[in-house]
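Examining the three-dimensional arrangement
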Amino acid sequence: MTQTGAPIITPVIMCGGSGTRLWPLSRKSFPKQFARLTGDQSLFQACAARMTGDAFDAPLVLTNSDFRFIITEQLMDAGIAPGPVLIEPTGKNTAPAVLAAALYLHSKNPDAIMLVAPSDHVVPDIETFHEAVNEGLRVVQEQGHLVTFGITPDRPETGYGYLELSAQPDGSGVAIPLSRFVEKPDAATATQMLAEGNYLWNAGIFLFSVKTIIAAFEAYAPELMPAVAASVDKAEVDLGFLRLDPEAWEDVDDISIDYAVMEKTPDLSVVPYNGAWSDLGSWEAVMREDTPDGDGVVTAGPVTSIDCVDTLLRSEDKDLELVGIGLENTLVVAMRDAVLVADMDRAQDVKKAVSALKAKQAKQAESFAMDHRPWGHFETLALSDRFQVKRIVVKPGAALSLQSHVHRSEHWIVVEGTARVTVDDDIRLVSENQSIYIPLGAVHRMENPGKVPMVLIEVQTGTYLGEDDIIRYEDLYARGQGAKG
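Calculation rules
Residues numbered from 1 in each chain as written. Predicted model: local features only at pLDDT ≥ 70, side-chain atom pairs only at ≥ 80, totals over all residues. Heavy atoms only, no water. Helix = DSSP H or I, 4+ residues; strand = E, 2+ residues; numbered from the N terminus. Rg over C-alpha atoms; globule rule 2.2 N^0.38 Å. Buried < 20%, exposed > 50% of the residue type's maximum accessible area, 1.4 Å probe, protein only. Areas by Shrake-Rupley, 256 points an atom, 1.4 Å probe, with all protein chains shown as cover. Lys, Arg positive; Asp, Glu negative; His and termini not counted. Charge placed at Lys NZ, Arg CZ, Asp CG, Glu CD. Domains from an automatic or database assignment. Axes fitted to C-alpha atoms, helices over the stretch in contact; angles between N-to-C directions. Parallel < 35°, antiparallel > 145°, perpendicular 65-115°, else oblique. Left-handed = near helix turned anticlockwise from the far one by under 90°. Contact = heavy atoms within 4.5 Å. Nonpolar A, V, L, I, M, F, W, Y, C, P; charged D, E, K, R; others polar. Pairing = 2+ DSSP bridges. Core = buried A, V, L, I, M, F, W, Y, C linked by side-chain atoms within 4.5 Å. Salt bridge = Lys/Arg side-chain N within 4 Å of Asp/Glu carboxyl O. Phe/Tyr/Trp six-rings, centres within 6.5 Å; stacked < 30°, edge-to-face > 60°. Lys NZ or Arg CZ within 6 Å of the ring centre and 35° of its normal. UniProt positions renumbered as here; feature names shortened; annotations may be inferred. Patch = residues over 30% accessible without salt bridge, like charges linked within 9 Å, V, L, I, M, F, W, Y side chains within 5 Å.

With that settled, the discussion passes to the overall build of the chain. A tally of regular secondary structure across the chain gives eleven helices and 28 strands. Taken against the 2.2 N^0.38 rule, which gives 23 Å for 485 residues, the C-alpha radius of gyration of the chain at 24 Å falls within 12% of a compact globule. A principal-axis box enclosing the C-alpha atoms of the chain has dimensions of 70 × 60 × 45 Å. Burial statistics for the chain: of 485 residues in total, 52% are counted as buried. Summed over its atoms, the accessible surface of the chain is roughly 21,400 Å², and 50% of this surface lies on carbon and sulfur atoms. Taken as two groups, the 40 positive and 69 negative side-chain charges of the chain have centres that lie 6 Å from each other.

Spelled out as structure tokens, the structure:
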């Protein structure tokens, strides 16, 4: 976008959700928006990057407590200065999240304009996207309308909702008034709508002034206003994040912005977006974003394909060699702790597998063998009833909390870098190939004083090895008690 003067658009990035249809790569503990599915950046990083430039202010992000450090780390890794990060106590769908962002921005700048976007979409044609945003900005400034963006369909897709326009787009990208929202159709209806030409996919991307959207909530969803306003007014700053008040948030209804406002207002214009787009809502969609070989096979990672046709083979572990022989119309995604094999026509049903795993209390339903923390990450290498072996990576300058355990002792062996270790009153440096023992009940801490990542192997022994066996005394990240706080 070309713009002189002060930024006039604040990106509002919605960064919650679990992305269950891309299991096993996307899970509740680390969903698809943080993964590198289609390039060198995560979907979240790419989303933030396409909303940078002279016209854009720093992004405001709405997320939950578990993702707050991942968000700031990924933004900084992408060279993007983080803006406000609002933490929702629980997910309440898009309407309360958008209203909270609008009320917060209104308190800082009543004339603010916000561009609301999901964090997990693929929009590779940034120039075309900016052209659409410019057209939406014109409508917002000249007409005072709410604006949504519709994707020009290229197939009769049954997995998306649609926007029926009052006129057929002419390819110019000019905004058109909305006639109605259409729920996900069956195949026959989708084919008919594609032929008629005045239907676009609903991308869930919006542009409006904070004054206009707040007025729309007051008119069409007034029941949301008191609780959301109270949650913003009573929000507390936590290490630079803003935690919405949990008590007020409990009274907030769970409702989408489409149902709460957009389907009710007469002042909604649609900007047709004619560039490439995908919500990566299934492994089939991921496959469409890649370039297949002559047999229609898409591979990623250490993979060997023999006589396969129209198949996705993806290994997410550099040490796990995946071999497919004679497969057709099949998707295979292999990770160290879980493997998905399915007919490509059932790609939309992967979420059923997650439900089945939850029912049998399989940890793979929501958690990875690798667990991200604000100080780095760890992965479990071996686990039994009374011992566990972990590989722990601590970022430069980072530190684990000062803590103790009730049920386990630990043995640390440094394999890369140097650790500063506290055990009760003893503080010492532990270098590569050195080790230290942490007795049960000892108050201890691990820090990385160096300029490179520090790696150690931790061996736990005891009667209970759960992550919630932690008593925190001090913590740089203010996580409170519990596994993650």
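Once the domains are mapped, the chain shows domain 1 (9-273), domain 2 (283-360) and domain 3 (370-474). On a C-alpha basis, the centres of domain 2 and domain 3 stand 35 Å from each other.

Moving on, we get to the packing of helix α3 (residues 94-108) against helix α6 (residues 210-220). Across the interface, α3 lies against α6 with an axial gap of 9 Å and an inter-helix angle of 130°. Classified by the interaxial angle, the pair formed by α3 and α6 is oblique. For the pair α3 and α6, the sense of crossing is left-handed. For the pair α3 and α6, contact is made by A95, V98, L99, A102, L103, L105 and H106 and by V210, K211, I213, I214 and F217, respectively. For the contact of α3 with α6, the per-class residue count stands at ten nonpolar, one polar and one charged.

Attention now goes to the sheet that holds strand β25 (residues 435-438). Across the sheet, six strands lie side by side as β18-β19-β20-β27-β22-β25; this open sheet has antiparallel pairing. At either margin of the open sheet sits one strand with a lone partner, and together these are β18 (370-373) and β25. Strand-to-strand, the axes of this sheet are offset by a mean angle of 20°, without reference to chain direction. Here four bridges tie strand β22 (residues 408-416) to β25, and the two strands are oriented antiparallel to one another. From the neighbouring strand, I413 faces β25, where its bridge partner is S435.

Take the nonpolar core next. Counting residues in each nonpolar core, the largest one holds 95 residues, and the members touching the most others are L37, I71, L115, F149, L207, W283 and L331. Sort the elements by how many residues they give to this core and helix α4 (residues 126-143) lands first, with six residues. Contact partners of F149, with chain neighbours within four places excluded, come to L115, A132, V133, L163, W201, A203, I205, F206, L207, V270 and V271. Counting residues in hydrophobic clusters, the runner-up holds 49 residues, among them L86, I176, F206 and F208.

This model, assessed by the stated rule, comprises 25 salt bridges. The residue R138 makes a salt bridge to E142 at a minimum N-O spacing of 3.1 Å. With a gap of four residues between them, R138 and E142 both fall in helix α4, about one helical turn apart. Its relative accessible area of 28% is what places R138 among the partly exposed residues. Among the residues examined, E142 registers a relative accessible area of 58% and is labelled exposed. Shared partners join several salt bridges into a network, and the residues in it are D371, R373, K390 and E467.

Turning our attention to the packing of aromatic side chains. Tallied over the entire structure, the rule returns ten aromatic pairs. Between F69 and F241, the ring centres sit 5.4 Å apart and the planes meet at 85°, which makes this aromatic pair edge-to-face. One end of the pair, F69, is in helix α2 (residues 68-77); the other, F241, is in strand β10 (residues 241-243), with 172 residues separating them in the sequence. In terms of burial, F69 and F241 fall into one category: buried. Taken together, the aromatic side chains of F30, F34, F44, F67 and F368 make up a single cluster linked through ring pairs. Sitting above the plane of the F129 ring, R50 keeps its charged end 6.0 Å from the centroid. Over the ring of F378 we find K390; its NZ or CZ atom is 4.0 Å from the centre of that ring.

Bringing the UniProt feature "domain: Mannose-6-phosphate isomerase type II C-terminal" (unreviewed entry) in the chain into the picture now. Mapped onto the present numbering, the UniProt feature "domain: Mannose-6-phosphate isomerase type II C-terminal" (unreviewed entry) falls on residues 363-475. End-to-end, the C-alpha atoms of residues 363-475 are 27 Å apart, and along that stretch the chain is 0% helix and 56% strand.

What follows is about unusual backbone geometry. With omega at 10°, the peptide bond leading from W23 into P24 counts as cis. Considering the arrangement of structural elements, one finds P24 in the loop between β1 (9-14) and α1 (43-49). Residues other than glycine seldom take positive phi values, yet N93 does so here, at roughly 75°. Using a relative accessible area of 37% as the deciding quantity, one classes N93 as partly exposed. Phi is positive for D310, close to 50°, though the residue is something other than glycine. Looking at the element boundaries, D310 is found in the loop between β13 (303-306) and β14 (312-315). Residue D310 is classed as partly exposed on the basis of its relative accessible area, which comes to 39%.

What follows deals with a nonpolar patch on the surface. On the surface, a cluster of nonpolar side chains totalling about 270 Å² of accessible area is made up of I306, V323 and I325. By secondary structure assignment, the location of I325 is in strand β15 (residues 322-325).

On to the sheet that holds strand β17 (residues 339-343). Sheet architecture is open: four strands sit in the order β12-β14-β16-β17, paired in mixed fashion. The open sheet has two free edges, formed respectively by β12 (298-300) and β17, since each of these has just one partner strand. Direction aside, neighbouring strands of the sheet carry axes that sit 0° apart on average. Here strand β16 (residues 330-334) runs beside β17; their pairing, made up of five bridges, is antiparallel. Within the sheet, the bridge partner assigned to T330 lies in β17 and is D343.

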